[in-house]
Amino acid sequence: MRFRHPDGSTVHLAYCTNVHPAETLDGVVAQLRDHCEPVRKRLGRDRIGIGLWLAKDAARALVTDPSALRGLRTELDRRGLEVVTLNGFPYEGFGDDEVKYRVYKPDWTDPERLTHTTDLARLLASLLPDDVTEGTISTLPLAWRTPFDAGRAESARTALTALAQRLDALAELTGRSIRVGLEPEPGCTVETTADAIAPLAAVGHDRIGVCVDTCHLATSFEDPATALDALTTAGVPVVKSQLSAALHAEHPRLPEVREALAAFDEPRFLHQTRTLTATGLRGTDDLGEALSSGALPDTGPWRAHFHVPLHAAPAAPLTSTLPVLRDALARLVGGPAPLTRHLEVETYTWQALPPALRPRGRSQLAEGIAAELTLARDLLTDLGLKELP
């Protein structure tokens, strides 16, 4: 979906396909048929954007077979889908029964992360629509926080510098500008947008910036205006933004609230949980840890890294951080010029929701994703953007 900003530029809205597990190229093609095209049809649009997730094996198959890449581009066009952004964070196994800490491997100290991200950049340059010259990729925020020392930090910086050089060469070769954004996430060495400024300044290249995930922003209790103003002041580009909402519990000390939270403690993904205290942010690596160990003070609100559907906040006594998303979006695209032109709805946890809230079958999942995109569209038009055909 495309929108015209009041300054005349085009803002792209997509939804991320990491919600549909697929590790192979055949699986990706099946996604387009079974999920993405049905979402487009429910929206009544001739074309929608998808934030494509290409796992290691799928990406390698496309890089080594130009005819397969042409075939994927043809399949996208045939089904009314366009790609301007990729999710390069998960490497493989994102659809496994247990993901947890494995999603952070390989990190930016491992040469394979550089190789994979370079592959994704080359693929995106070929997948961009004919009338689009800029693409974006989100990636993990260097590494999980442990172990991470000065030596590993230097390895990551060297890898990102090499990536920037490769992106420059790719732009010269293809005429397409691909940018990569570190996606701050609770528990990682770059947990907040503020944490991103120093390592990105060390790289010092405008093709490497930040992907602002509004669920992660909210989980870390970051104020959107403060965070985005600091990035602007530091000259760090917001490459893309993932529109997502975290789980919010206003009164975690109450037994009924803890019982409601426990329904979201599931075994597949890590749900880092945070609370803001007078002495700063306190947190646990997972929701179950917060509920069972007394590791978190419960005198103030808790937020958990659980991407809940944008259009359907959990029932009381829980809610979501949709207000943080609204505030961030107003700052991102509501000003005289957009801070980013690539927006991606990223609710990958539909099948990890409590059983009563999960979609039953493909049709309900498509309806839910379409409803999220409709909400995002309405937020954009309320900010003065005009939806384009």
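Cut-off values and rules
Residues numbered from 1 in each chain as written. Predicted model: local features only at pLDDT ≥ 70, side-chain atom pairs only at ≥ 80, totals over all residues. Heavy atoms only, no water. Buried < 20%, exposed > 50% of the residue type's maximum accessible area, 1.4 Å probe, protein only. Helix = DSSP H or I, 4+ residues; strand = E, 2+ residues; numbered from the N terminus. Pairing = 2+ DSSP bridges. Right-handed = clockwise from strand over helix to strand, strands pointing away. UniProt positions renumbered as here; feature names shortened; annotations may be inferred. Contact = heavy atoms within 4.5 Å. 1 Å grid on protein atoms, 1.4 Å probe; cavity = no way out; pocket = protein on both sides within 12 Å on 5 of 7 lines; lining within 4 Å. Points joined across faces, edges and corners; volume = space filled by probe spheres on them. Nonpolar A, V, L, I, M, F, W, Y, C, P; charged D, E, K, R; others polar. Core = buried A, V, L, I, M, F, W, Y, C linked by side-chain atoms within 4.5 Å. Phe/Tyr/Trp six-rings, centres within 6.5 Å; stacked < 30°, edge-to-face > 60°. Expected span 1.5 Å × (residues − 1). Polar contact = N/O pair within 3.5 Å; in protein donor to acceptor, adjacent residues only side chain to side chain. Axes fitted to C-alpha atoms, helices over the stretch in contact; angles between N-to-C directions. Parallel < 35°, antiparallel > 145°, perpendicular 65-115°, else oblique. Left-handed = near helix turned anticlockwise from the far one by under 90°.

Asker: Account for the pairing of strand S5 (residues 134–139), naming residues and giving values.
Answerer: Most of S5 sits inside the fold, with five of its six residues counted as buried. For strand S4 (residues 81–87) and S5, the ladder comprises three bridges, and the chain directions are parallel. The residue bridging asparagine 87 from the neighbouring strand is serine 138, located in S5. Each parallel crossover has a hand, and for S4 linked through helix H4 (residues 111–127) to S5 it is right-handed. Sheet topology note: the S5/strand S6 (residues 177–182) ladder contains six bridges and is parallel. In the strand pairing of S6, threonine 139 is matched with leucine 182.

Asker: For the UniProt feature "domain: Xylose isomerase-like TIM barrel" (unreviewed entry) in the chain, give the residues involved together with the corresponding values.
Answerer: Under the local residue numbering, the UniProt record ascribes the feature "domain: Xylose isomerase-like TIM barrel" (unreviewed entry) to residues 58–227. Within residues 58–227, the helical portion is 48% and the strand portion 15%, while the C-alpha atoms at the span's ends are 35 Å from each other.

Asker: Please give an account of the side chain of glutamate 185 that cites residues and values.
Answerer: Note on placement: glutamate 185 falls in the loop between S6 and helix H6 (193–203). If we ignore the near neighbours within four places in the chain, the residues touching glutamate 185 are Phe89, Tyr104, Pro141, Val190, Glu191, His216, Gln272 and His305.

Asker: So what's going on with empty space enclosed by the protein? Which residues, and what values?
Answerer: Within this structure, the stated rule accounts for five cavities of 30 Å³ or more. Space inside the largest cavity adds up to approximately 160 Å³. The residue inventory of the lining of the largest cavity, partitioned by class, reads nine nonpolar, four polar and four charged.

Asker: Could you give an account of the layout of surface pockets, naming the residues involved and the relevant values?
Answerer: Within this model, the largest pocket holds a volume of roughly 380 Å³. Secondary structure elements with two or more residues in the lining of the largest pocket: strand S2 (10–16), S5, helix H8 (224–234) and strand S8 (238–243). Among the elements that make up the lining of the largest pocket, the one with the highest residue count is H8 (three residues). Its residues placed into classes, the lining of the largest pocket shows ten nonpolar, eight polar and five charged. Its boundaries defined by the atoms lining it, the second largest pocket holds a volume of some 190 Å³.

Asker: Requested: an account of the nonpolar core, with residues and values cited.
Answerer: By size, the foremost hydrophobic cluster in this structure holds 118 residues, and its most contacted members are Leu13, Tyr15 and Trp108. The greatest single-element share of this core, amounting to nine residues, is contributed by helix H12 (residues 362–382). Not counting residues up to four positions away in its chain, the partners in contact with tyrosine 15 are His20, His35, Cys36, Val39, Ile48, Gly49, Ile50, Gly51, Glu344, Val345, Ile369 and Leu373.

Asker: Which residues make up the packing of aromatic side chains, and what are the values?
Answerer: Inspection of the entire model under this criterion finds eight aromatic pairs. Look at phenylalanine 264 and phenylalanine 306: their rings are 5.2 Å apart centre to centre, the planes differ by 90 degrees, and that puts the pair in the edge-to-face class. Pair noted here: phenylalanine 264 is in the loop between helix H9 (255–262) and strand S10 (273–277) and phenylalanine 306 is in strand S12 (residues 302–308), with a separation of 42 residues, a long-range link. Note on phenylalanine 306: relative accessible area 1%, which makes it buried. Three or more aromatic residues joined by ring pairs make a cluster, and in this case those are Trp53, Phe94, Phe269 and Tyr348.

Asker: Before we move on, could you go through helix H5 (residues 150–174) and cite the residues and values that matter?
Answerer: For H5, spanning 25 residues, the distance from its first C-alpha to its last is 36 Å, which sits close to the expected 36 Å at 1.5 Å a residue. Where H5 is buried, its residues touch H4, S6, H6 and strand S7 (208–213). Capping of H5 at its N-terminal end is provided by aspartate 149; its side-chain oxygen lies 3.2 Å from the backbone amide nitrogen of glycine 151. Glycine 175 occupies a position one or two residues after H5 and carries a positive phi of about 75 degrees.

Asker: Which residues make up the packing of helix H11 (residues 322–333) against H12, and what are the values?
Answerer: Across the interface, H11 lies against H12 with an axial gap of 10 Å and an inter-helix angle of 45 degrees. Between H11 and H12, the angle falls in the class oblique. Note that H11 runs across H12; the crossing there is right-handed. In this structure, H11 uses Leu322, Leu325, Arg326, Leu329 and Val333 to contact H12, whose residues at the interface are Leu375, Leu379 and Leu380.

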